[in-house]
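Structural features, examined
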Amino acid sequence: MERLIKSGQGWRLGWDPQASEYQGLVGADDWAIELTQDELDDFCRLLGQLAQTMSEMADELMDQEKITCEAESGLLWMEVEGYANVYSLRFILSTGRCCEGGWPAKVVPDLLRGANSLKVF
């Protein structure tokens, strides 16, 4: 399998199963961080969980009610903030390189679609 890069306006995701240490990549237009396979797996899994939670909350919230949801693993912490159907995303990598990044609400739907199609988790 060859290296795969998915990108859109304001986001990038990558997967290189042949890389020795960092098989994954997450980023925006002006930054990127390489991730291990486990970190990338957790990133995509937690992103999916947060998106599902926000979708489920849509019927519980009033139209102008904002919410913040968090999820974490031993490798990273993630947070979505905004309305049930429009929200920003932040993450903090808590091992090794210890970095953080995020995407504005207008980018998250495409990022989520990219993460769902990057590889099988």
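The structure presented is a predicted model; accordingly, all values stated were derived computationally and were not measured.

Backbone hydrogen bonds are what pair the strands of a sheet, in a parallel or an antiparallel way. Ordered by their spatial adjacency, four strands build an open sheet running S1-S2-S3-S4, and the pairing between neighbours is antiparallel. The sheet is open, and its two edges are formed by strand S1 (4-8) and strand S4 (32-35), each paired on a single side. The sheet shows a mean angle of 10° between the axes of neighbouring strands, taken without regard to direction. The sheet contact formed by S1 and strand S2 (residues 11-15) spans five bridges and is antiparallel. Paired with Ser7 across the bridge in S2 is Arg12. Strand contacts of helix H1 (residues 37-57): S2, strand S3 (24-27) and S4, with the helix running at about 115° to S4, the strand carrying the most contacts. Sitting on the sheet, helix H2 (residues 108-118) is in contact with S1 and S2, with an inclination near 10° to S2.

Inspection of the secondary structure assignment puts Asp42 in helix H1. Accessibility expressed as a relative area gives 14% for Asp42, which makes it buried. In terms of polar contacts, Asp42 uses its side chain to reach the side chain of Arg45, at 3.2 Å. Polar side-chain contacts of Asp42 include one of 2.6 Å to the side chain of Ser73. For Asp42, the contacting residues outside a window of four places in its chain are Ser73, Leu75 and Leu76.

Conventions we followed
- Residues numbered from 1 in each chain as written.
- Predicted model: local features only at pLDDT ≥ 70, side-chain atom pairs only at ≥ 80, totals over all residues.
- Heavy atoms only, no water.
- Pairing = 2+ DSSP bridges.
- Helix = DSSP H or I, 4+ residues; strand = E, 2+ residues; numbered from the N terminus.
- Axes fitted to C-alpha atoms, helices over the stretch in contact; angles between N-to-C directions.
- Contact = heavy atoms within 4.5 Å.
- Buried < 20%, exposed > 50% of the residue type's maximum accessible area, 1.4 Å probe, protein only.
- Polar contact = N/O pair within 3.5 Å; in protein donor to acceptor, adjacent residues only side chain to side chain.

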